[in-house]
Amino acid sequence: MKPLTLLNYARDQWVQGAGNLVELPSAVTGEVVASTGSSGLDFKAMLDHARNVGGPALRKLTFHERAWMLKTLANAIMARKEELYELSYETGATRTDGWIDIEGGAGTLFSFSSKGRRELPNSRVLIDGQMEQLSRGGTFVGQHVYTPLQGVAVHINAFNFPVWGMLEKLGPTLLAGVPAIVKPASATAWLAEAAFRIMIEADVLPQGALQFIAGSTGDLLDHLTLQDVVSFTGSAATAMKLQSHPVIARESVRFIAERDSLNASVLGPDAGPGTPEFDLFVKEVVREMTVKAGQKCTAIRRAMAPAEHLDAVQQAIADRLAKVKIGNPREEGVTMGALASQDQRDSVRAAVAELSRSARIVAGDPDRSPVNGGAFLEPILLRSDDPWGSPAIHDVEPFGPVSTIMPYKDLDDAVALANRGMGSLALSLFTFDTRVAEDFVLGAGAYHGRMMILDRTSAKESTGHGSPLPVLVHGGPGRAGGGEEMGGIRGVTHYMQRTALQGAPEMLSKVVKQWLPGADKPTGNTHPFRLRISELDIGYTLKTASRTVTLEDVEHFAHFTGDTFYAHMDEEAAKASPIFEGRVAHGYLILSFAAGLFVEPAPGPVLANTGLENLRFQTPLYPGDSMRVELTVKSKSVRDEERGEVRWAVAIFNQKDEVVATYDLLTMNRP
């Protein structure tokens, strides 16, 4: 292919770097694929543009509008994925590797788009938790909220997943309403630039929302402020260098790091040869060694097995590795491609040399090149029979197709060995014994960001040891960097500020666009079920007539439903309980009667009842008591042109105005 000249995207313009450009070689052939550079860019001006143009434009949008934007970007990536696959081959990635990177990246955007529309309000402020009453009379309350940071997210990405690594950061960032400047690793920057270009050409992003640096970051970090975020993926050495930058320290710039990780996989003491879990363990270790040529931050670097099974584990892994076909990823049947660069291959060889001082190589030859040209390396399996006397296997990460097997004495020893890595992104345990799983989680959970417990039941549908998922946190303690990414809406809040609001319920209700207990509850002549979402005001309330609940009602409900629990049917037993004074109405009878009191039956804007949440029964309702309902518009959210969701605060009172029950009712309504 003709060498590309990568461009920077600064202040909504594509700009070529000035001066001498750096040539980027193909991982497969060693020939130049692209040249790149960022000399001449005004990095302070880029930050100012993001803060003054991109940030305000994004913050004007609601969470749902931003979520729809993410879906458009994902569709754009998918529509042109074959262009990206073609470029991906030059990074050494097979089609399967590229699928994880390209379609996995688009899938992450789809996931954040979906969660944003389902779990976030169609507004610009996110409520965090329940309201806190701060005064006896209820006129002074507190409410935690999230609002977008008013700075820039600087994303410094790794070479191994140039598309997914970019998109898994951009999804939550843009959904939060924060502009980003993307800096990919140079070794595979041509693929990142192509995917970035596709998103710009989708023409859905406001100006200033995204910028791209194709070379070094120059003095970018010198101009950061307390409102900015740096999200970094790469080596521990680089992370520490960045984190200790004087401006980052002085301004308390948020710093999210995902760095070196000596992830472990553990064969349970019950999972000997011949069990499904043994076979799954061997298969997963080999897969993690060979997918992306082992260049995954979640790859299995340390594989642990009961001492009596270590020989069998070694033989089974070696047999599988012998079947791996290494070569040009464009060729049919190739299952492992090249490392990202010859420099990366040299780095892995140096790490293997260090490991081999205390562990022996039992499969593969690090000095042999299986394919002429390019950055190819055989999978290397090492074995350490004295894992506690071999510190290098727990401290040195060979970022390539390398893993070390080691024995453990008992489960406590396995836990200690897993934790000896001093913090990891991912750990997997292969066991069919629930007691083993429980003890392992309690012993090791604090040291690992994600733990997969795999057995014969979940194996078929499992995504595997090394697959970060957008709905689960990606990150880990200690050596892994101490940061978190993704995790669904948790990842969005990393780019927002949590603030504790204090004030009157009515005031805070207006600010957060949600009715809070104690705020005004205006009534009107029109039943709220006759109003579209656009016609409903937050706090609008229907106060129903009362209904007396009789003993006949209770007994009829009991026999009709089959719920003849003693508290409803046995007067003496009910009186003997520490809770009731006698027979009580069923909770679900109360809910049913409540619906009968507030429902408007004729066809109208309300399309369906879609759920009931946060139900609490607070005061028993006895035969002869009456009940009434207050139905209040708590929040509303338009999903599309045909429907939206209304959340109603439902409160049920008895004749003494005591609260009998409360819950949130969800309905699908016409907008």
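A brief report on the enclosed structure follows. (Residues numbered from 1 in each chain as written. Predicted model: local features only at pLDDT ≥ 70, side-chain atom pairs only at ≥ 80, totals over all residues. Heavy atoms only, no water.)

### Examining the overall build of the chain
Move 1: Check the secondary structure of the chain and you find 20 helices and 28 strands.
Move 2: Overall, the C-alpha framework of the chain stretches about 90 × 60 × 45 Å when taken along its three principal axes.
Move 3: Among the 671 residues that make up the chain, the fraction classed as buried is 56%.
Move 4: A fraction of 72% describes how many contacts in the chain between residues 6 or more apart in sequence connect residues 24 or more apart.
Move 5: Per element, the accessible surface of the chain, about 28200 Å² overall, is 50% carbon and sulfur.
Move 6: Counting 66 positive and 79 negative side-chain charges, the chain places the centres of these two groups 4 Å from one another. (Helix = DSSP H or I, 4+ residues; strand = E, 2+ residues; numbered from the N terminus. Buried < 20%, exposed > 50% of the residue type's maximum accessible area, 1.4 Å probe, protein only. Contact = heavy atoms within 4.5 Å. Areas by Shrake-Rupley, 256 points an atom, 1.4 Å probe, with all protein chains shown as cover. Lys, Arg positive; Asp, Glu negative; His and termini not counted. Charge placed at Lys NZ, Arg CZ, Asp CG, Glu CD.)

### Side note on the sheet that holds strand 7 (residues 141-148)
Move 1: The strand order 6-7-22 describes an open sheet built from three strands, whose pairing is antiparallel. Each edge of the open sheet is held by one strand with a lone partner, namely strand 6 (126-133) and strand 22 (496-503). Across this sheet, the average inter-strand angle for adjacent strands is 20°, counted without regard to direction.
Move 2: Here eight bridges tie strand 7 to strand 22, and the two strands are oriented antiparallel to one another. Across the sheet, residue Gly142 finds its bridge partner in strand 22, namely Gln502. (Pairing = 2+ DSSP bridges. Axes fitted to C-alpha atoms, helices over the stretch in contact; angles between N-to-C directions.)

### Quick look at the environment of Gln344
Move 1: Of note, Gln344 is situated in helix 11 (residues 342-355).
Move 2: If we ignore the near neighbours within four places in the chain, the residues touching Gln344 are Phe159, Gln295, Leu339 and Phe399.

### Quick word on a negative patch on the surface
Move 1: Residues Asp410, Asp412, Glu438 and Asp439 make up a contiguous surface patch of negative charge.
Move 2: Inspection of the secondary structure puts Asp410 in the loop between strand 17 (402-408) and helix 13 (411-419). (Patch = residues over 30% accessible without salt bridge, like charges linked within 9 Å, V, L, I, M, F, W, Y side chains within 5 Å. Salt bridge = Lys/Arg side-chain N within 4 Å of Asp/Glu carboxyl O.)

### A short note on the packing of helix 4 (residues 95-119) against helix 5 (residues 164-176)
Move 1: As a packed pair, helix 4 and helix 5 sit with axes 8 Å apart at the nearest point and diverge in direction by 15°. One finds that helix 4 runs roughly parallel with respect to helix 5. Pair helix 4 / helix 5 crosses with right-handed handedness. Residues Ile100, Asp101, Gly104, Gly105, Ala106, Thr108, Leu109, Phe112 and Gly116 of helix 4 touch helix 5, and the partners they reach there are Trp164, Gly165, Leu167, Glu168, Gly171, Pro172 and Leu175.
Move 2: Partitioned by chemical class, the residues of the contact of helix 4 with helix 5 number eight nonpolar, six polar and two charged. (Parallel < 35°, antiparallel > 145°, perpendicular 65-115°, else oblique. Left-handed = near helix turned anticlockwise from the far one by under 90°. Nonpolar A, V, L, I, M, F, W, Y, C, P; charged D, E, K, R; others polar.)

### Concerning the sheet that holds strand 1 (residues 4-5)
Move 1: Pairing within the open sheet is mixed, and its three strands lie in the order 1-5-4. Edge positions in the sheet fall to strand 1 and strand 4 (22-25), since each has one partner strand and no second.

### Quick word on helix 10 (residues 310-321)
Move 1: Across its 12 residues, helix 10 extends 16 Å between first and last C-alpha, which sits within 8% of the 16 Å expected from 1.5 Å per residue.
Move 2: Taken together, the buried positions of helix 10 are Leu310, Val313, Gln314, Ala316, Ile317 and Leu321.
Move 3: Among the structural elements, strand 13 (263-267), helix 9 (276-290), strand 14 (300-306), strand 15 (360-363), strand 16 (380-383) and strand 17 are those in contact with the buried residues of helix 10. (Expected span 1.5 Å × (residues − 1).)

### Brief notes about the pattern of salt bridges
Move 1: Under the defined criterion, the tally for this structure stands at 36 salt bridges.
Move 2: Of the charged contacts, one joins Arg360 and Asp385 as a salt bridge, the two residues approaching to 3.7 Å between their closest N and O atoms. Taken together, the residues span a long stretch of sequence, with Arg360 in strand 15 and Asp385 in the loop between strand 16 and helix 12 (392-395) at a distance of 25 residues.
Move 3: When the shortest N-O distance is used, the salt bridge between Glu378 and Arg368 registers 2.6 Å. Of the two residues, Glu378 sits in the loop between strand 15 and strand 16 while Arg368 sits in the loop between strand 15 and strand 16, which places them 10 residues apart along the sequence.
Move 4: Because the salt bridges share partners, they merge into one network encompassing Lys44, Asp48, Arg51 and Asp228.

### Here we look at the nonpolar core
Move 1: With 62 residues, the main nonpolar core has Ile317 and Phe440 as its most contacted residues.
Move 2: Sort the elements by how many residues they give to this core and helix 9 lands first, with seven residues.
Move 3: Membership of the second largest hydrophobic core comes to 60 residues, among which are Met69, Leu109, Leu175 and Trp190. (Core = buried A, V, L, I, M, F, W, Y, C linked by side-chain atoms within 4.5 Å.)

### Concerning helix 7 (residues 236-243)
Move 1: The complete set of buried residues in helix 7 reads Ala236, Ala239 and Leu242. Buried residues along helix 7 cover an arc of 125° about the axis, so they all sit on one side. Residues of helix 7 that are exposed and point over 90 degrees away from its buried face: Ala237 and Lys241.
Move 2: Packed against the buried residues of helix 7 are strand 8 (153-156), strand 11 (229-233), helix 8 (246-250) and strand 12 (254-258). (Arc of directions from axis to C-beta.)

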